[in-house]
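A structural walkthrough
Residue strings, one per chain:
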Amino acid sequence: MTRNTMGSPTGTAALRRAIAMTRNEKVSRTVARMVAKDIADRRLGPGSALESENDMAKRFGVGRASVREGLRLLEAQGLVTVRQGLGGGPIVSEPSGSEFGDTLSMYLQANGIQFREVAEAALEMEGLAAAMLADRIAAGEDVDLTPLAAHDLRPDMSNEEVTETATGFHSALRNLTGNYVLDLTGSALAHLYTDRMLGAHPEEWNEKERESFTEPHRQIHDAIAAGNAELARTLTRAHMREVIDRISRQNPRILDERVEWL
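Residues numbered from 1 in each chain as written. Predicted model: local features only at pLDDT ≥ 70, side-chain atom pairs only at ≥ 80, totals over all residues. Heavy atoms only, no water.

Let us now look at the packing of aromatic side chains. Between two aromatic rings, the relevant description is the distance of the centres plus the angle of the planes. Counted according to the given criterion, the structure contains one aromatic pair. Considering the side-chain rings of Trp 205 and Phe 213, the 5.4 Å spacing of their centres and the 70 degrees angle between planes classify their relative orientation as edge-to-face. Considered together, Trp 205 and Phe 213 belong to a single accessibility category, that of buried residues. The side chain of Arg 246 reaches across the aromatic face of Phe 213, ending 5.8 Å from its centre. (Phe/Tyr/Trp six-rings, centres within 6.5 Å; stacked < 30°, edge-to-face > 60°. Buried < 20%, exposed > 50% of the residue type's maximum accessible area, 1.4 Å probe, protein only. Lys NZ or Arg CZ within 6 Å of the ring centre and 35° of its normal.)

Turning our eyes to something else, we now look at the pairing of strand S1 (residues 80-83). Burial of S1 is one-sided: the residues Val 80 and Val 82 facing one way are buried, the residues Thr 81 and Arg 83 facing the other way are not. Inspection of the sheet shows S1 paired to strand S2 (residues 89-92) by four bridges, in the antiparallel sense. Across the sheet, Arg 83 pairs through a bridge with Gly 89, a residue of S2. What sits between S1 and S2 in their antiparallel hairpin is a turn of five residues, with Gly 85 showing a positive phi close to 85 degrees. (Helix = DSSP H or I, 4+ residues; strand = E, 2+ residues; numbered from the N terminus. Pairing = 2+ DSSP bridges.)

Our next topic: a nonpolar patch on the surface. A cluster of nonpolar side chains, contributed by Met 106, Tyr 107 and Trp 261, occupies part of the molecular surface with about 350 Å² of accessible area. Turning to its location among the elements, Tyr 107 is positioned in helix H5 (residues 97-110). When its relative accessible area of 53% is taken as the criterion, Tyr 107 is described as exposed. (Patch = residues over 30% accessible without salt bridge, like charges linked within 9 Å, V, L, I, M, F, W, Y side chains within 5 Å. Areas by Shrake-Rupley, 256 points an atom, 1.4 Å probe, with all protein chains shown as cover. Salt bridge = Lys/Arg side-chain N within 4 Å of Asp/Glu carboxyl O.)

Turning our attention to unusual backbone geometry. Of note, Arg 43 is a non-glycine position whose phi angle comes to about 55 degrees, a positive value. Here Arg 43 lies in the loop between helix H2 (27-42) and helix H3 (53-60). Arg 43 gets classed as exposed once you look at its relative accessible area, which sits at 72%.

Quick look at the pattern of salt bridges now. Under the defined criterion, the tally for this structure stands at 16 salt bridges. The closest approach of N and O atoms between Glu 53 and Arg 64, which form a salt bridge, is 3.0 Å. Of this pair, Glu 53 sits in helix H3 while Arg 64 sits in helix H4 (residues 64-76); the two residues are 11 residues apart in sequence, bridging distant segments of the chain. The exposure class of Arg 64 is partly exposed, given its relative accessible area of 39%. Measuring nitrogen to oxygen at the nearest pair gives 3.2 Å for the salt bridge that ties Arg 68 to Glu 53. You can see Arg 68 sitting in helix H4 and its partner Glu 53 sitting in helix H3, a full 15 residues away along the chain. On the accessibility criterion, Arg 68 (29% relative accessible area) is partly exposed. If you follow the salt bridges from partner to partner, you end up with Asp 38, Arg 42, Glu 51 and Arg 59 in one network.

And the structure:
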C-alpha cells in the first residue's frame, strides 16, 4: 500500500508553499492539479473516497470555494465525481474515452474542424491498433484474443445488437494493444466517429451491411492471430474506409460538417 504523507505537517506545508508559488495560475486549478497528483501517487482506484471539501481547504490553506471549483474542474474531466447529500463528497472516477472525446470535441469545434478529419484519424488509429496487437503476437506474447472473437455478428441480432457488436470489436482491439494512451485516444476518436456515423445511418442495418462487418472482422482477427502486422493494418484501414464511404454515400454532406462540442 502506498503511504499517504500529504496529510502530515511537512506535506501540508509543502502543499501550501506550492500553491503560494503559483501566483500566475488560478488557485482552483492548482488545487485540481494537487488532488489529481495525490490520486495518482496513492494509486486510488475508482470509487475511492477523497477528503471532504473542508479537510482539503485546511490542508491546502485555501478557501472552500477554491476547493469546490477545483473539484468541478476534475469532475468535468471525468476524474472525480462529487456526490451530493448526506454521506456524499468527492470520490475517484475512471475517465473514459467517451469523456475524453467530449473534451476533444470542444477543441475541434473551436478550430472549425470538419468531421472528415475525425474519420481519417479514427481510420489510422484503428489500423495502428491492429498492427500493434499483431506485433505483440509476433513477439511471442500470450495474448488472449477471445474478446475479438466474442464480437462476431449473428443473423438473428437486432439492430442495436449489431451496433454494439460491431463497435465492441474495435473497442476490444484497442484495449488488447496493452497501450493505455492508444486505447484512450482511439476510444475518444471512436466516440466522436461512431456517434456521428450512427446518427447519419438509417435505423435498420440491411443484410449486406451486416455482412460487411462479419467478414472483415474475421479477416482482421486472423491476420492478428498470425502476427502479420502489416496485413492487419491494411485490412483494418480498408474496413474503416469502406464504412466511411458507405455512410458518405448515404449522407454526402456528412464529412464536410463541422464537429460540434458534445
